[in-house]
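Examination of the molecular architecture
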Amino acid sequence: MKKNNIDKQTVFTPAFRRTCIGGCCLYMAAYLSVTGVLLAMGTEAWKAGLAFVAGMFVSGPFNAYLGDAYRRKHVFVVALLGMAVAIAGYIYWADAPLWPVPAAVQGMCFGLASAAGVTVSIDITVSGNRTRGNEVYALLGRIGMFTGMLLAFWLYRQEGLEEVLYLSLAFGLLGALEVARVYLPFRAPIGVGIVNLDRFLLPRALVSAFSVLLLAGACGMTIVRMQEALPWYACAGLCVLGLLFVAPLVKMFVKLSHHCQRGTGNTTFNLAADTGLVAGMALALWAGKGILTCGWLSGVWLLALLVAGLVAYPYYKKKRVR
C-alpha cells in the first residue's frame, strides 16, 4: 500500500512538489506558445487571443463534473497532453489564419488543467496548510507564466516561432510526466451536475475578479511595451516585482470563499488573471504603437488601480468570510 502524501508538518511533500512542477510547466507551455503565436500574428493577434480565452470559458462549466467523475490527477494529465496536441497544431497548420482553431482547443485544455491542478494541490495538502499551499502553487504557476512570456519574446526574435513552439511542447510533456508521478487516492463521486459553476466561477468574488482582470490586462499591455523598449533583464526584474502581489491576491479570493469553495476561488482568480493578461497582450499587438504610449498605459493603470482601491478592496473587506 502506498503511503499517504499528506504530511501535517509541512506543505512541501514530494507529491506537492511534483504538482507544483507540473503547474509551473503548464504555465510555461501555455504562455510560451500563446505569446509566440500572438507575436507571429501581429495585428491579427486578437483572433487567437479571443479563441484562447473563449476556450477557457467553454470548458469551465465542466471542471467540477470531470474532477468528480474521474481521477483528478488523470484530468490534469490528459488536459496537459491535450494542450500539447494543440501546440503541435500550430506547427502542423503553418498558416496563421488557421491558428484560432488550435488556440481554442488549447484554451479549453488549459482551463481544465488549471482547475484540476488547483484541486490536486488542495487534495494532497492537510487542511491547516492549504492557504499556504494555495499561495505557493499560485506563485510558482505565475513564475512559469512570466518566464514563459519573457522567454517567448526573446526566443521568437532570436530563432523564430517554430523553436518557441517546440520548447513549449517539451514543457507540456514534462509537466504531464511530473503530475503522472503524483499518488492521489480516487475520491468517490458526490454526484455534481455536468454543468455548474463549482471550480469555475465564484459569484461573490466577481467584483475582485474584474479588478484582477483589469490589473492583468494593464500588465499584459505593459509587457508588450517593455520588451520593445527595455533589455530582457529589466523586463525580468519588473516581472519579479509583479510576482510579489500574487500571494495577497490569491489569499483575497480564498477569504471570499465559503467552506469547500477554496478551489472555486482559486480558479476564479486564475481565470481573471489569464483572461486579462492574454487580452492585454492581444490588444497591444493589435493596436500597435498607438495604444502603447506612456499616456495610454498610464491611463489604463490608473483605471485598474482606482477600481482595485476604491471598489474591489472595500467590497472584499465587507464580504470576506474567513
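Note: the structure precedes this text.
Residues numbered from 1 in each chain as written. Predicted model: local features only at pLDDT ≥ 70, side-chain atom pairs only at ≥ 80, totals over all residues. Heavy atoms only, no water.

1. Some remarks on the packing of helix α1 (residues 14–41) against helix α4 (residues 72–92)
Interhelical geometry of α1 versus α4 gives an angle of 20 degrees and a closest axis separation of 11 Å. The angle between the axes of α1 and α4 places the two elements in the roughly parallel class. Here α1 runs over α4; the crossing is left-handed. Contacts between α1 and α4 involve T19, G22, G23, L26, A29, A30, S33 and V37 from the first element and F76, L80, M83, I87 and Y90 from the second. Of the residues contributing to the contact of α1 with α4, the split by class is nine nonpolar, four polar and no charged. (Axes fitted to C-alpha atoms, helices over the stretch in contact; angles between N-to-C directions. Helix = DSSP H or I, 4+ residues; strand = E, 2+ residues; numbered from the N terminus. Parallel < 35°, antiparallel > 145°, perpendicular 65-115°, else oblique. Left-handed = near helix turned anticlockwise from the far one by under 90°. Contact = heavy atoms within 4.5 Å. Nonpolar A, V, L, I, M, F, W, Y, C, P; charged D, E, K, R; others polar.)

2. Remarks on a nonpolar patch on the surface
Together, L230, L238, L241, L244 and F245 make up an exposed nonpolar region whose accessible area comes to about 520 Å². For L244, the location among the structural elements is in the loop between α9 (232–243) and α10 (246–255). (Patch = residues over 30% accessible without salt bridge, like charges linked within 9 Å, V, L, I, M, F, W, Y side chains within 5 Å. Areas by Shrake-Rupley, 256 points an atom, 1.4 Å probe, with all protein chains shown as cover. Salt bridge = Lys/Arg side-chain N within 4 Å of Asp/Glu carboxyl O.)

3. Here's the deal with the environment of P100
Along the chain, the position of P100 falls in helix α5 (residues 100–123). C-alpha of P100 to C-alpha of L50: the two residues are 50 residues apart in sequence and 8.1 Å apart in space. Excluding its chain neighbours within four sequence positions, the residues that come into contact with P100 are K47, A48 and A51.

4. Overview of the packing of helix α2 (residues 45–59) against helix α11 (residues 262–287)
Interhelical geometry of α2 versus α11 gives an angle of 170 degrees and a closest axis separation of 8 Å. Judged on the interaxial angle alone, α11 and α2 are roughly antiparallel. Listed contacts from α11 to A45, W46, G49, F52, V53, M56 and F57 of α2 are L271, D274, T275, V278, A282, L285 and W286. Its residues assigned to classes, the contact of α2 with α11 shows 11 nonpolar, two polar and one charged.

5. Examining unusual backbone geometry
Of note, the phi angle at R199 is positive, near 60 degrees, even though the residue is not glycine. Along the chain, R199 turns up in the loop between α7 (161–180) and α8 (206–229).

6. Description of the packing of aromatic side chains
Going through the model one piece at a time under the given rule, you end up with 10 aromatic pairs. For the ring pair F57 and F200, a centre distance of 6.2 Å and an interplane angle of 80 degrees mean the geometry is edge-to-face. Linking F57 in helix α2 with F200 in the loop between α7 and α8, this pair joins segments that are 143 residues apart in sequence. The class of F200 is buried, set by a relative accessible area of 6%. Aromatic rings pair up to connect Y27, Y31, F52 and F110 into one cluster. (Phe/Tyr/Trp six-rings, centres within 6.5 Å; stacked < 30°, edge-to-face > 60°. Buried < 20%, exposed > 50% of the residue type's maximum accessible area, 1.4 Å probe, protein only.)

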